[in-house]
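Structural overview for review
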Amino acid sequence: MDAHYELLAAVDGDIERLMADHLEKRPDWYAHDLIRWEEGRNFVDEPWDESQCTVSPEVREALVLNLLTEDNLPFYHYAIASRAPEGSAIARWTRRWTAEEGQHAIVIRDYLMISRNCDPVKLEDDRVATVTKGWDSPWDDPLDIFVYTSAQELATRVSHRNTGIKADDEVAYEIMKRVAADENYHYIFYKGVISAMLKLDPSACIQSMRKVYENFNMPGTVVPRFRRRAAMAARAEIYDLRIHAEKIIAPVLREWKIDQLEGLTPEADEDREALLAMPGRLVERAEKLERRAASKIGA
Ligand SMILES: [Fe+2]
Ligand SMILES: [Fe+2]
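For the structure given in this document, a descriptive report is provided here.

What counts, and where the lines are drawn
Residues numbered from 1 in each chain as written. Chains lettered and ligands numbered in written order. Predicted model: local features only at pLDDT ≥ 70, side-chain atom pairs only at ≥ 80, totals over all residues. Heavy atoms only, no water. Disulfide = S-S within 2.5 Å. Buried < 20%, exposed > 50% of the residue type's maximum accessible area, 1.4 Å probe, protein only. Patch = residues over 30% accessible without salt bridge, like charges linked within 9 Å, V, L, I, M, F, W, Y side chains within 5 Å. Areas by Shrake-Rupley, 256 points an atom, 1.4 Å probe, with all protein chains shown as cover. Salt bridge = Lys/Arg side-chain N within 4 Å of Asp/Glu carboxyl O. Lys, Arg positive; Asp, Glu negative; His and termini not counted. Charge placed at Lys NZ, Arg CZ, Asp CG, Glu CD. Helix = DSSP H or I, 4+ residues; strand = E, 2+ residues; numbered from the N terminus. Donors = N, O, S within 2.8 Å, 3.2 Å for Na, K, Ca; no water.

Per the counting criterion, the structure on display carries zero disulfides. Looking at the unpaired Cys53, the closest cysteine sulfur is the one in Cys118, lying at 7.7 Å. When its relative accessible area of 15% is taken as the criterion, Cys53 is described as buried. What makes Cys118 buried here is its relative accessible area of 7%.

This is the structure we're talking about:
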């Protein structure tokens, strides 16, 4: 199948409108307003020690995983910018979106450094390892990329928000709430792009959704010790398979009302059936994992 560049060009007017809505609704915010700079201490005179940490190990790992994932922004920028035709609304959006995403790493890093909730040497070494590894978009076609990004933005919203809640720390709560609000604005933009594409080519969109959501991976998989960190985030109920099914995949599919789409090709109709069954299947898998974890604790 040819890549859907024509479809992307056909929704350029919608992208322009979605970007105007975004700029009007998203409030400007500043990392320096949220950080307690007066609590900062010199690492040379007072080296970092784990006893200085104030939040739980699970939340610390989640904060670091979220931060390192945000640090890999150059590769997310490239994935979208390299598919955005010069002069298009999507090219302008990509630059603005990149600027907003950049602040997420700034504020989380500021918080972790000031509050001493992570080892600063390890954090920098892991950042260098993450960016050196880079990230390749698993998808080439712009349609697949926006289908992926829609779910990805919602996933980061949920993960950042839960991290802030579980931190049990006023500043962490506020910064993660602010970052999660940004991710929600981004989610609204990307799901709007797909809504516009659904009107023009519902079959192509449905086929892309099945392919992308059946093979969905967080971009943070390139972060060192990802599996261990993700397992800790799951234990803290920040992000796990059940959350993925119930708070990401199910709402995204509901949002696009895929059960009501008409005029699908027979292949796309089959893909829709598979998509509608997906949240339930994921929850079944999550229950299996939960039972296994519970029996390990009980053993
Ligand atoms: Fe972000
Ligand atoms: Fe985002």
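Following the structure, the description resumes.
A few words now on a positive patch on the surface. Residues Lys288, Arg291, Arg292 and Lys296 make up a contiguous surface patch of positive charge. Along the chain, the position of Arg291 falls in helix α13 (residues 266–298). When its relative accessible area of 55% is taken as the criterion, Arg291 is described as exposed.

Glancing now at the coordination of the iron ion (ligand 2). At 1.8 to 2.7 Å from the iron ion (ligand 2) lie its protein donor atoms, namely Glu101 (OE), Glu153 (OE), Glu153 (OE), Glu183 (OE) and His186 (ND1). Read from N- to C-terminus, the donor residues coordinating the iron ion (ligand 2) fall into the pattern E-x51-E-x29-E-x2-H. The distance between the iron ion (ligand 2) and the iron ion (ligand 1) comes to 3.9 Å, with Glu101 serving as a donor to both metals. Of this pair, Glu101 sits in helix α6 (residues 89–115) while His186 sits in helix α9 (residues 170–200), placing them 85 residues apart in sequence. Classification of His186 by relative accessible area gives buried; the value is 0%.

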